[in-house]
Number of protein chains: 2
Amino acid sequence: MRCEVVAVGTELLLGQIVDTNSSWIGEQLAAVGIDSLFQTKVGDNAGRIRSALDLALSRSEAVIVCGGLGPTQDDITRDVIADLMGVDLVRDDAIASLIESMFAARGRTMPLSNLRQADVPVGASTMEQQPGTAPGLVCPIGEIDERGFSAKVIYAVPGVPSEMRQMVSGTVLPDLCRRAGETSVIASRVLRTWGQSESALAEMLADRIVELDALGHATLAFLASGVEGLKVRITAKGATDAEVADVLDAEEIVVRDVVGDIVFGVDADTMESVVLGQLGYAGLTLAVAESATGGYIAARLSAAAGALDAFAGGVVAPTHQALASLVGLSRDVGSTAEEVAVAVRRSLGAAVGLAVVGGEPVAAPSTGGRDSVTITVAIALGDAVEEFSIQVPADTDRLRQYTCISALDRLRRTI
Amino acid sequence: MRCEVVAVGTELLLGQIVDTNSSWIGEQLAAVGIDSLFQTKVGDNAGRIRSALDLALSRSEAVIVCGGLGPTQDDITRDVIADLMGVDLVRDDAIASLIESMFAARGRTMPLSNLRQADVPVGASTMEQQPGTAPGLVCPIGEIDERGFSAKVIYAVPGVPSEMRQMVSGTVLPDLCRRAGETSVIASRVLRTWGQSESALAEMLADRIVELDALGHATLAFLASGVEGLKVRITAKGATDAEVADVLDAEEIVVRDVVGDIVFGVDADTMESVVLGQLGYAGLTLAVAESATGGYIAARLSAAAGALDAFAGGVVAPTHQALASLVGLSRDVGSTAEEVAVAVRRSLGAAVGLAVVGGEPVAAPSTGGRDSVTITVAIALGDAVEEFSIQVPADTDRLRQYTCISALDRLRRTI
């Protein structure tokens with residue numbers, strides 16, 4: 001089963017918006033074993049949208065088209081699909097009422113053009129999820145087979161990422177799996193790891209991958225996620241949700257057993273949400289002092305789930321000395337990172353102190369060279385204070401990301 | 001002149017990497033008046049790369065193919081192009097020596113496979129820029145016309161963004177402009193604005209756009225950049241670089257005259273780099289106190305150009321009270337944002353204090369709803385302290401971005 005993605009919008013071609021939708025959909029398709037061999041961006045032009053859809057249908061059994069379902073004149077995806085299907089658009093009264101009531105609930109006057117979003121090509125069905133005003137469409141193309149499926153299918157979803165995601169997860173993926181003759185349930189779980197290279201992970205899990213090939217009920221895959229570590233994705237098949245969940249649970253135990261505590265989280269966990277969760281569970285709070293990372297660690301911690309319970313705050317200064325002074329240490333005496341970690345904990349009345357100093361203190365963005373710098377990290381927890389150094393890339397963005405995830409990973413292991 | 005973009009890499013289809021290259025290239029092409037009507041992602045598969053290139057060449061005069069030029073077995077773009085051209089690959093000794101010397105300079109042993117990157121299709125030329133080990137290729141396709149140009153052309157550039165950008169700016173865009181018969185120089189300047197809607201900006205500049213249509217030497221376009229304001233792009237044509245620079249300078253004055261001080265910067269300027277530049281110029285330093293934004297403003301300021309001169313540091317706490325306490329105000333007495341702004345300035349020995357409080361103090365990411373919250377911002381500068389409120393979206397990301405840019409914009413106007 002192949003499914004292409006066509007992202008519609010002139011603003012995508014002009015680079016005003018980066019097409020992240022196709023990437024996300026590609027990841028979801030891969031997780032359920034569906035190949036996505038081409039992904040295309042095309043502008044708001046009927047002829048070119050049509051040619052992109054025709055081409056995609058000629059190569060693949062399914063096409064997900066994102067965008068162009070809105071209320072404005074530019075939004076012509078549904079018209080192009082009706083034309084391609086050779087059918088009319090008919091207004092769906094139930095959807096029209098729903099759109100009207102969504103405007104009414106917000107106390108806003110509805111421009112009449114919004115009702116265009118209730119127009120559905122004859123023969124198409126709408127998706128159950130309707131987080132926004134534009135419904136998604138399931139559009140059968142070609143002959144209907146003995147199972148009741150059309151030869152091909154176009155799924156039209158909005159370009160708004162949150163709306164698109166609900167529809168793809170809720171309707172498109174399950175429908176694709178049924179069409180693929182996949183009567184079993186497929187689900188994935190991602191184990192997030194930090195501290196090993198992809199080749200090292202692959203070597204550790206090589207035997208298990210061979211075993212799973214023979215067993216056939218689950219697969220493992222490695223996914224890079226930038227400097228945020230590597231993901232091990234477990235995908236399982238089974239007759240029921242419960243059976244799949246059991247396979248995932250069992251396989252998670254096997255993988256954790258092999259790779260050890262480099263696994264820091266599961267699925268949507270981030271390093272910061274995991275550390276804050278641990279701290280919250282233990283009834284501890286964390287204070288951070290940053291010169292090397294300029295507030296980046298505080299900004300990530302404060303945005304994460306669990307921040308309200310476990311993040312006590314932070315201080316930021318451009319130099320180690322200014323940082324020490326800010327947490328009440330004398331400006332005249334050279335203070336260590338350990339002392340800063342202890343002092344910031346006191347300043348914020350927190351249980352744990354984390355200090356991150358060194359590197360280029362607060363630097364202008366460098367040009368992405370290959371140089372590295374040394375950062376000193378200190379963690380004060382109870383009576384124990386530990387200090388260690390890490391080598392990180394010198395350019396500002398990667399310096400911050402590496403330092404943040406390295407420091408929090410050590411904290412995770414320390415708690 | 002039409003130029004499509006083909007991004008090569010299975011990791012792009014799988015969503016492991018978001019294809020930002022095509023977006024950036026699309027923006028550059030638009031700026032020099034070249035249409036990019038389709039952009040395609042395709043995996044590391046010879047047949048499918050070939051079919052994507054064939055199709056793109058059938059629709060457009062030029063194709064930029066990004067990625068697949070590296071040293072590994074997966075990197076097959078140059079082989080596919082040679083096949084499409086019907087020619088052999090021949091090793092370029094000068095490039096091979098250059099690659100060897102790049103490894104030697106870094107004290108690393110060169111895997112022999114790296115020399116594949118010196119293979120060039122017969123008839124193709126290489127690009128002058130070689131920031132990495134893989135050279136870019138200019139590959140003529142079809143008959144050569146009386147001007148010496150081939151009917152069509154494929155440009156192959158690496159997928160590494162920094163390398164790709166150098167080659168596209170340095171070789172591809174100038175070559176495309178020559179092919180388009182564009183003997184004049186084309187250049188753009190972007191004015192960044194904050195505080196007006198796109199329709200309001202368009203209305204303000206409507207008359208000037210009509211005038212420019214008649215004059216023909218420059219154009220104006222509006223580009224959205226998320227919550228970071230709107231860009232007004234001036235594009236000018238002229239016989240020489242100097243002439244174009246003069247047109248851009250003159251037009252910048254006209255536009256600034258019309259839209260006023262909503263212009264906060266030019267080209268690569270950000271709100272934070274502009275504010276830090278102003279502060280540095282005036283010999284002032286800035287200290288920030290954040291509860292509402294959790295360190296986000298400090299993180300952005302500290303990463304910007306000018307931070308070393310003008311950013312004194314910051315403090316972060318989850319609540320207004322904890323923040324006040326951290327800067328030495330009594331925990332028992334309710335303190336105002338103004339008092340916090342004055343106190344953080346004193347704590348960090350800075351000339352200017354900025355306090356940002358209110359909203360959901362330090363919140364878990366919300367689900368992107370339409371609610372808004374009130375944030376209080378205070379700026380202490382010399383004897384003057386001003387305080388004001390802003391309404392911002394309630395979800396964490398947009399709350400931070402709106403608050404940051406709003407607060408810094410006010411600071412920019414105050415200094």
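Predicted model, so just to flag it, every value in this text is computed and none were measured.

Colleague: With reference to specific residues and values, describe the overall build of chain A.
Modeller: In terms of regular secondary structure, chain A is built from 15 helices and 17 strands. The dimensions of chain A, computed from C-alpha atoms along their principal axes, are 80 × 60 × 40 Å. Going through the 415 residues of chain A one by one, you find that 53% of them count as buried. Taking the intrachain contacts of chain A between residues at least 6 apart in sequence as the baseline, contacts between residues at least 24 apart amount to 67%. Of the roughly 16700 Å² of accessible surface on chain A, 51% is carried by carbon and sulfur atoms. Between the centroid of the 32 positive side chains of chain A and the centroid of its 54 negative side chains there is a distance of 3 Å.

Colleague: Quick rundown of the confidence of the model for chain A? Include the residues and the values.
Modeller: Residues and elements named next belong to chain A. For chain A, mean pLDDT is 90; residues scoring 70 or higher make up 96% of the total. Segment residues 361–369 is flagged for pLDDT under 50; beyond a separation of four residues in sequence, or across chains, it makes 29 contacts in the model. Among the prediction metrics, the complex's ipTM stands at 0.80, with pTM recorded as 0.81.

Colleague: Pulling in residues and values, what's your account of the interface of chain A and chain B?
Modeller: Taken residue by residue, the interface counts 60 residues in chain A and 60 residues in chain B. Counting the surface lost from both chain A and chain B, the interface buries some 4500 Å², and carbon and sulfur atoms represent 57% of this. Counting across the interface, chain A meets chain B through zero salt bridges. Between chain A and chain B we count 16 residue pairs in polar contact (both at pLDDT 80 or more) in total. Ranked by residues supplied to the side of chain A that touches chain B, first place goes to strand β14 (residues 311–316) of chain A with six residues. The residue inventory of the side of chain A that touches chain B, partitioned by class, reads 34 nonpolar, 19 polar and seven charged.

Colleague: I'd like a rundown of the packing of helix α2 (residues 21–31) of chain B against helix α6 (residues 161–179) of chain B, residues and numbers included.
Modeller: When two helices pack together, their arrangement is given by the angle between the helix axes and the distance between those axes. All names here are of chain B. Packing of α2 against α6 brings their axes to within 11 Å, and their N-to-C directions diverge by 30°. It follows that α2 is roughly parallel to α6 by the angle criterion. The two elements α2 and α6 cross, and the hand of that crossing is right-handed. Contacts from Asn21, Trp24, Ile25, Gln28 and Leu29 of α2 reach α6 at Pro161, Met164, Arg165, Val168, Ser169, Leu173 and Leu176.

Colleague: So what about the pattern of salt bridges? Which residues, and what values?
Modeller: Using the criterion set out here, one finds 40 salt bridges over all chains in the structure. Arg189(A) is the partner of Glu252(A) in a salt bridge, and the nearest nitrogen-oxygen pair spans 2.8 Å. Placement of Glu252(A) in helix α9 (residues 241–259) and of Arg189(A) in strand β9 (residues 185–193) is noted, with a sequence separation of 63 residues between them. Pair check on accessibility: Glu252(A) and Arg189(A) agree, each one buried. With a shortest N-O distance of 2.8 Å, Arg91(B) and Asp119(B) are connected by a salt bridge. You can see Arg91(B) sitting in strand β4 (residues 89–91) and its partner Asp119(B) sitting in strand β5 (residues 119–121), a full 28 residues away along the chain. By relative accessible area, which is 38% here, Arg91(B) ends up partly exposed. Bridged by salt links that share partners, the residues Arg189(A), Asp249(A), Glu252(A) and Arg256(A) form one connected network.

Colleague: Provide a residue-level description of the relation of the copies chain A and chain B, including the pertinent values.
Modeller: Least-squares fitting of chain A to chain B yields an RMSD of 0.1 Å, with the superposition described by an axial translation of 0.1 Å and a rotation of 180°. These values place the two chain copies in the arrangement generated by a two-fold rotation axis.

Colleague: Give me the lowdown on the nonpolar core, citing residues and values where you can.
Modeller: Counting residues in each nonpolar core, the largest one holds 74 residues, and the members touching the most others are Leu354(A), Ile375(A), Leu354(B) and Ile375(B). Setting aside its immediate chain neighbours within four residues, Ile375(A) contacts Ala292(A), Val356(A), Val357(A), Gly358(A), Gly359(A), Phe388(A), Ser389(A), Ile390(A), Val392(A), Leu399(A) and Thr403(A). By size, the runner-up hydrophobic cluster in this structure holds 43 residues, among which are Ala322(A), Ala343(A), Val315(B) and Ala355(B).

Colleague: Lay out the packing of aromatic side chains in plain terms, naming residues and giving numbers.
Modeller: Residues and elements named next belong to chain A. Counted under the stated rule, the structure contains two aromatic pairs over all chains. Taking 6.0 Å as the distance between ring centres and 55° as the angle between the ring planes, the aromatic pair formed by tryptophan 194 and tyrosine 402 counts as tilted. A residue pair is termed long-range when its members are at least 10 positions apart, and tryptophan 194 in the loop between β9 and α7 (198–204) and tyrosine 402 in helix α15 (residues 396–414) qualify at 208 residues. With relative accessibility at 14%, the residue tryptophan 194 sits in the buried group. Sitting over the ring of phenylalanine 38, arginine 59 keeps its end group 3.6 Å from the ring centre.

Colleague: So what's going on with the environment of Arg400(A)? Residues and values would help.
Modeller: Along the chain, the position of Arg400(A) falls in helix α15. Taking C-alpha positions, Arg400(A) is 36 Å from Ala236(A), a pair spaced 164 residues apart along the chain. If near-sequence neighbours (up to four positions away) are discounted, Arg400(A) is found in contact with Thr293(A), Gly294(A), Tyr296(A), Ala299(B), Ser302(B) and Ala303(B). Separated by 2.8 Å, the side chain of Arg400(A) and the backbone oxygen of Ala299(B) make a polar contact.

Colleague: How would you sum up helix α10 (residues 271–281) of chain B? Please name residues and give values.
Modeller: Within α10(B), the full set of buried residues consists of Met271(B), Glu272(B), Ser273(B), Val274(B), Val275(B), Leu276(B) and Leu279(B). One or two residues past the end of α10(B) sits Gly283(B), with phi positive at roughly 70°.

Colleague: Mind laying out the sheet that holds strand β9 (residues 185–193) of chain B, listing which residues take part and the relevant values?
Modeller: Across a sheet, strands are paired by hydrogen bonds formed along the backbone, either parallel or antiparallel in direction. All names here are of chain B. Spatially, β10-β11-β9-β12 is the arrangement adopted by the four strands of the open sheet, whose pairing is antiparallel. Bordering the open sheet on either side are β10 (218–224) and β12 (263–266), each of which pairs with just one other strand. For this sheet, the mean angle separating the axes of adjacent strands, direction not counted, is 25°. Note: β9 against strand β11 (residues 230–238), nine bridges, orientation antiparallel.

Conventions adopted
Residues numbered from 1 in each chain as written. Chains lettered and ligands numbered in written order. Predicted model: local features only at pLDDT ≥ 70, side-chain atom pairs only at ≥ 80, totals over all residues. Heavy atoms only, no water. Helix = DSSP H or I, 4+ residues; strand = E, 2+ residues; numbered from the N terminus. Buried < 20%, exposed > 50% of the residue type's maximum accessible area, 1.4 Å probe, protein only. Contact = heavy atoms within 4.5 Å. Areas by Shrake-Rupley, 256 points an atom, 1.4 Å probe, with all protein chains shown as cover. Lys, Arg positive; Asp, Glu negative; His and termini not counted. Charge placed at Lys NZ, Arg CZ, Asp CG, Glu CD. pLDDT = per-residue confidence, 0-100. Buried area = accessible area lost by both parts, 1.4 Å probe. Salt bridge = Lys/Arg side-chain N within 4 Å of Asp/Glu carboxyl O. Polar contact = N/O pair within 3.5 Å; in protein donor to acceptor, adjacent residues only side chain to side chain. Nonpolar A, V, L, I, M, F, W, Y, C, P; charged D, E, K, R; others polar. Axes fitted to C-alpha atoms, helices over the stretch in contact; angles between N-to-C directions. Parallel < 35°, antiparallel > 145°, perpendicular 65-115°, else oblique. Left-handed = near helix turned anticlockwise from the far one by under 90°. Least-squares fit on C-alpha atoms with pLDDT ≥ 70 in both. Core = buried A, V, L, I, M, F, W, Y, C linked by side-chain atoms within 4.5 Å. Phe/Tyr/Trp six-rings, centres within 6.5 Å; stacked < 30°, edge-to-face > 60°. Lys NZ or Arg CZ within 6 Å of the ring centre and 35° of its normal. Pairing = 2+ DSSP bridges.

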